[in-house]
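Breakdown of the fold
Residues per chain are reported as follows:
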Amino acid sequence: MDGLLTFLGTGTSMGVPTLGCDCAVCTSADPRDRRLRPSVLVRWHEPGGGLERVVVIDTGPDFREQALRNGLTRVDAVFYTHSHADHILGMDDLRPLSFAVFREGGPIPLYAAPVTAEALERIYDYTFSSRATYPTRAKVELRPLAERTTVHGVEFLRVPVQHGEMEIAGFRFGRAAYLTDVSAIPESSFALLEGLDYLVVSALRHKPHPSHATVEQAVGWARRIGARQTWLTHIAHQLGHEETNRILPDGIRLAYDGLSLPVNLETAN
Ligand SMILES: [Zn+2]
Ligand SMILES: [Zn+2]
């Protein structure tokens, strides 16, 4: 099955431009230097000309703007990588989309590991609490994140990665994988990343950071994993699009908001 992978946002937690900053990247005229908070979208048509299905990985604070820019009219499921603000704080903007999905067949499933689900329940108690009475709350339902989850015929495989001290979730779908907020990839996860057309992996900047990979680390993983193309995301304002791409090896590039890639969503066994 063929689908499309779209970068909704490729910026780090503070976004680029970063508030109050007048550096060359934050003031750049290149639209690829403007980066919303990190998220991707996977969409495909069900066989036989069926409905378009849409999965979002993370709903950060820019989700509403990202949905508008990309003409999103439905979301069939959300997968969460972890509970940091830049990955979850747009959840409430699923509300208008969730009403139509709910009428079709029920709430939008939100797949999240226990710590992430707890954070969502705490922040959005008016949505998830058993005492919630707010009538127009999002029609969403937290579901445990399993090793493999099938959404309308497409399998999403959880790929554990380290984010500083935390273990968080990356995802593989068909011949693509999305690993954000990575500081280390456990040996056992490399086995889940064979035969990729596209690897998306985070690379914050050149200077080391305790919970994010540098460009150099990400390039090292990219070489080992050997995807046909590697796209870097979760990019801070220290990395200009053009100048960074000039020094990156062939087959490895900075992603940018709105970039779409055709992806084979068939599960490789
Ligand atoms: Zn992040
Ligand atoms: Zn994070």
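The notes below deal with the structure included here. (Residues numbered from 1 in each chain as written. Chains lettered and ligands numbered in written order. Predicted model: local features only at pLDDT ≥ 70, side-chain atom pairs only at ≥ 80, totals over all residues. Heavy atoms only, no water.)

Right, let's get into the state of the cysteines. The bond known as a disulfide is covalent and runs between the sulfur atoms of two cysteines. Applying the stated rule across the entire model yields zero disulfides. Cys23 carries a free sulfur, and the closest cysteine sulfur to it, the one in Cys21, is 3.7 Å from it. Judged by its relative accessible area of 24%, Cys23 falls in the partly exposed class. (Disulfide = S-S within 2.5 Å. Buried < 20%, exposed > 50% of the residue type's maximum accessible area, 1.4 Å probe, protein only.)

Only His82 (NE2), His84 (ND1), His163 (NE2) and Asp181 (OD) from the protein coordinate the zinc ion (ligand 2), and they sit 2.2 to 2.4 Å from it. Geometry at the zinc ion (ligand 2) is irregular, judged from the four donor atoms that bind it and their angles of 89 to 176° at the metal. Here the donor residues of the zinc ion (ligand 2) share one chain and are spaced in sequence as H-x1-H-x78-H-x17-D. Between the zinc ion (ligand 2) and the zinc ion (ligand 1), the interatomic distance is 3.4 Å, and Asp181 donates to each metal, bridging them. Of the residues examined, His82 reaches a relative accessible area of 1% and is grouped as buried. (Donors = N, O, S within 2.8 Å, 3.2 Å for Na, K, Ca; no water. Tetrahedral: all angles 85-135°; square planar, octahedral: opposite > 155°, others 65-115°.)

Attention now moves to the coordination of the zinc ion (ligand 1). Summarising the metal site, the zinc ion (ligand 1) is bound by the protein donors Asp86 (OD), His87 (NE2), Asp181 (OD) and His234 (NE2), whose distances to it range over 2.2 Å. Classification of the site at the zinc ion (ligand 1) rests on its four donor atoms, whose angles at the metal span 88 to 168°, yielding the label irregular. Mapped onto the polypeptide sequence, the residues donating to the zinc ion (ligand 1) form the spacing pattern D-H-x93-D-x52-H.

Time to look at the packing of aromatic side chains. For the structure on display, the rule yields seven aromatic pairs. With centroids separated by 4.7 Å and ring planes inclined at 25°, the aromatic side chains of Phe79 and Phe156 adopt a geometry described as stacked. Highlighted residues: Phe79 in strand β4 (residues 77-79) and Phe156 in strand β8 (residues 154-163), separated in sequence by 77 residues. Residue classification places Phe156 among the buried residues on the basis of a relative accessible area of 1%. Taken together, the ring pairs in this structure connect Trp44, Phe79, Tyr111, Phe156, Phe171 and Phe173 into an aromatic cluster. Above the ring of Phe102, the side-chain terminus of Lys139 is found at 5.0 Å from the ring centroid. (Phe/Tyr/Trp six-rings, centres within 6.5 Å; stacked < 30°, edge-to-face > 60°. Helix = DSSP H or I, 4+ residues; strand = E, 2+ residues; numbered from the N terminus. Lys NZ or Arg CZ within 6 Å of the ring centre and 35° of its normal.)

In this section: the sheet that holds strand β2 (residues 39-45). Pairing is mixed in the open sheet, where seven strands are placed in the order β6-β5-β4-β3-β2-β1-β14. Since the sheet does not close on itself, it has two edges, and those belong to β6 (140-144) and β14 (260-264), each with one partner. Adjacent strand axes in the sheet meet at a mean angle of 25° when their direction is disregarded. As judged from the two bridges shared by β4 and strand β5 (residues 108-112), these two strands associate in the parallel manner. Paired with Val78 across the strands is Leu110, a residue of β5. (Pairing = 2+ DSSP bridges. Axes fitted to C-alpha atoms, helices over the stretch in contact; angles between N-to-C directions.)

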